[in-house]
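Listed below are the residues making up each chain.
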Amino acid sequence: EMFGPILCVYPVDDVRKDAIDVVQSYPKPLISFVFSEDKAFVEEVVTRTDSGAVTVNGVTDHFMFPGFPFGGVGNSGVGRYHGKYSFLAFSHEKPVLTSKL
């Protein structure tokens, strides 16, 4: 994971064959960034990798969209946060069921 203005770039011989293996070889990231115009490749990356979120062809777009939850999986944390998702994450609904005696 990165927290700052530095983008981690991993060189691979064949992006179609090697990129997913590189992602899978590390703990689950908070967010994955995919840069490609090939919809089939993007779909393959999304379905074969696991992360808290995915942004395609953008960097800050995900954080700027108020309707999208933000949160990690595994080592990146749990839960979803951002707008109503923050409220729901820190709220506890307490169901009460009452039956007749």
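Scroll up for the structure.
Caption draft 1: Quick look at the nonpolar core. Formed by Ala19, Ile20, Val34, Phe41, Val42 and Val45, the largest nonpolar core amounts to six residues. Looking at this core, the elements with two or more residues in it are helix H1 (15-24) and helix H2 (39-48). Counting residues per element, this core draws most heavily on H2, at three residues. Sequence-distant contacts of Ala19, that is, excluding residues within four places in its chain, are made with Asp14 and Phe41.

Caption draft 2: Region of the structure containing the packing of H1 against H2. Direction vectors running N to C along H1 and H2 enclose 25°, while the axes themselves pass 10 Å from each other. The angle between H1 and H2 falls in the class roughly parallel. Classified by chirality, the crossing of H2 by H1 is right-handed. Contact with H1, carried on its side by Val15, Arg16, Ala19, Ile20, Asp21 and Gln24, involves Phe41, Glu44, Val45 and Arg48 of H2 and no other residues of that element.

Caption draft 3: Fine view of unusual backbone geometry. Positive phi outside glycine occurs at Asn57, with the angle close to 60°. For Asn57, the location among the structural elements is in the loop between strand E2 (54-56) and helix H3 (61-64). By relative accessible area, which is 40% here, Asn57 ends up partly exposed.

What counts and how
- Residues numbered from 1 in each chain as written.
- Predicted model: local features only at pLDDT ≥ 70, side-chain atom pairs only at ≥ 80, totals over all residues.
- Heavy atoms only, no water.
- Core = buried A, V, L, I, M, F, W, Y, C linked by side-chain atoms within 4.5 Å.
- Buried < 20%, exposed > 50% of the residue type's maximum accessible area, 1.4 Å probe, protein only.
- Helix = DSSP H or I, 4+ residues; strand = E, 2+ residues; numbered from the N terminus.
- Contact = heavy atoms within 4.5 Å.
- Axes fitted to C-alpha atoms, helices over the stretch in contact; angles between N-to-C directions.
- Parallel < 35°, antiparallel > 145°, perpendicular 65-115°, else oblique.
- Left-handed = near helix turned anticlockwise from the far one by under 90°.

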